[in-house]
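# A structural walkthrough
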Amino acid sequence: EAGVAQSPRYKIIEKRQSVAFWCNPISGHATLYWYQQILGQGPKLLIQFQNNGVVDDSQLPKDRFSAERLKGVDSTLKIQPAKLEDSAVYLCASSYPTEQYFGPGTRLTVT
Amino acid sequence: GENVEQHPSTLSVQEGDSAVIKCTYSDSASNYFPWYKQELGKRPQLIIDIRSNVGEKKDQRIAVTLNKTAKHFSLHITETQPEDSAVYFCAAQSGGYQKVTFGTGTKLQVIP
């Protein structure tokens, strides 16, 4: 079974620029999560999708972050404009029904 | 919302000794409690989980206990080995859509 795929793996941008991350979950997994993990901290849930609907986006900074999951499969997370404090690893995970499988993450550096 | 506290933040043990990591949660609706191991630069990997209808679960050297009344659950690693060195995260999930909250992590160091 193929795992959760993410791209790019690494991204370096300047502050105020825009960036987008892509996630392809495990086939058949209805739930998709985006996490932000700052170095030395635990994963922080940004947004959770159930199929193509949002279940929880209470910790998503909506003034700069947006996410969508078209057709209930792939998902993109966008940051516009980026700030220095957005430097982190962005993890995507999918689950069905409860056990989460994580992708390799995208390491974002904002300079 | 759910709040998950995890202790200790760092733990050093001698190889062969046991390690215990504890978590507490606040939402009585939480019904699934996974534990993840994250090695440096890698993704979190599920190592064991427990559901609210079970008090204890064991898998070789790893065990998890759950006390629903007290709202706490613990990870026990016996006969620790250097390859057990990593950061361990607990999490609590609840509801039909399994909303999830992670603990703050425990950095375990096993000294050879």
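Scroll up to find the structure.
The following refers to the structure shown.

About the cut-offs
Residues numbered from 1 in each chain as written. Chains lettered and ligands numbered in written order. Predicted model: local features only at pLDDT ≥ 70, side-chain atom pairs only at ≥ 80, totals over all residues. Heavy atoms only, no water. Helix = DSSP H or I, 4+ residues; strand = E, 2+ residues; numbered from the N terminus. Rg over C-alpha atoms; globule rule 2.2 N^0.38 Å. Buried < 20%, exposed > 50% of the residue type's maximum accessible area, 1.4 Å probe, protein only. Contact = heavy atoms within 4.5 Å. Areas by Shrake-Rupley, 256 points an atom, 1.4 Å probe, with all protein chains shown as cover. Lys, Arg positive; Asp, Glu negative; His and termini not counted. Charge placed at Lys NZ, Arg CZ, Asp CG, Glu CD. 1 Å grid on protein atoms, 1.4 Å probe; cavity = no way out; pocket = protein on both sides within 12 Å on 5 of 7 lines; lining within 4 Å. Points joined across faces, edges and corners; volume = space filled by probe spheres on them. Nonpolar A, V, L, I, M, F, W, Y, C, P; charged D, E, K, R; others polar. Salt bridge = Lys/Arg side-chain N within 4 Å of Asp/Glu carboxyl O. Disulfide = S-S within 2.5 Å. Buried area = accessible area lost by both parts, 1.4 Å probe. Polar contact = N/O pair within 3.5 Å; in protein donor to acceptor, adjacent residues only side chain to side chain.

## Re the overall build of chain B
Secondary structure assignment for chain B yields 0 helices and 11 strands. Relative to the globule expectation of 13 Å for 112 residues, the C-alpha radius of gyration of chain B, 13 Å, shows essentially globular dimensions. Buried residues in chain B amount to 42% of all 112 residues. A fraction of 53% describes how many contacts in chain B between residues 6 or more apart in sequence connect residues 24 or more apart. Total accessible area on chain B is roughly 5800 Å²; 46% of this is exposed by carbon and sulfur atoms. Charge centroids of chain B, computed over 12 positive and 12 negative side chains, lie 6 Å from each other.

## Observations regarding the layout of surface pockets
Space left empty within the atom packing is revealed by a probe, the size of a water molecule, rolled over the atoms. Its volume calculated, the largest pocket comes out at about 710 Å³. Lining the largest pocket are 34 residues, with Leu-39 and Gly-40 of chain A together with Gln-38, Leu-40 and Gly-41 of chain B sitting closest to its centre. Among the elements of the structure, strand 9 (88-95) and strand 11 (106-110) of chain A together with strand 9 (86-94) and strand 11 (106-111) of chain B are those that each provide at least two residues to the lining of the largest pocket. Counting residues per element, the lining of the largest pocket draws most heavily on strand 11 of chain A, which supplies 4 residues. By residue class, the composition of the lining of the largest pocket is 13 nonpolar, 15 polar and 6 charged. Taken as a whole, the second largest pocket spans an internal volume of roughly 280 Å³. Taken together, 16 residues form the lining of the second largest pocket, with Asp-56 and Gln-59 of chain A together with Glu-2, Val-100 and Thr-101 of chain B sitting closest to its centre.

## Digging into the pattern of salt bridges
Going through the model one piece at a time under the given rule, you end up with 5 salt bridges over all chains. The residue Lys-99 of chain B makes a salt bridge to Asp-56 of chain A at a minimum N-O spacing of 3.9 Å. Linking Lys-99 of chain B in strand 10 (residues 99-102) with Asp-56 of chain A in strand 6 (residues 53-56), this pair reaches from one chain into another. Overall, the relative accessible area of 14% leaves Asp-56 of chain A in the buried class. With a closest N to O distance of 2.5 Å, Arg-64 of chain A and Asp-86 of chain A form a salt bridge. Taken together, the positions of Arg-64 of chain A in the loop between strand 6 and strand 7 (65-68) and Asp-86 of chain A in the loop between strand 8 (75-79) and strand 9 put the pair 22 residues apart, joining distant regions of the chain. Taken as a pair, Arg-64 of chain A and Asp-86 of chain A share a single burial class, namely buried.

## A closer look at the state of the cysteines
All names here are of chain A. For the structure on display, the rule yields 2 disulfides over all chains. A sulfur-sulfur distance of 1.9 Å marks the disulfide that ties Cys-23 to Cys-92. With the S-S bond torsion at -70°, the cross-link from Cys-23 to Cys-92 turns out left-handed. Of this pair, Cys-23 sits in strand 3 (residues 19-24) while Cys-92 is found in strand 9, placing the two residues 69 residues apart along the sequence. Of the two residues, Cys-23 and Cys-92, neither departs from the other in class, the shared state being buried.

## Here's the deal with the interface of chain B and chain A
If you look at the interface, chain B gives 17 residues, while chain A gives 21 residues. Of the roughly 1600 Å² buried between chain B and chain A on both sides combined, carbon and sulfur atoms contribute 56%. Scanning the region where chain B abuts chain A turns up 1 salt bridge. Taken together, the connections running from chain B to chain A amount to 4 residue pairs in polar contact (both at pLDDT 80 or more). When contributions to the side of chain B that touches chain A are tallied by element, the ones reaching two or more residues are strand 4 (30-38), strand 5 (45-51), strand 9 and strand 10 of chain B. Here the side of chain B that touches chain A is built from residues that sort into 8 nonpolar, 6 polar and 3 charged.

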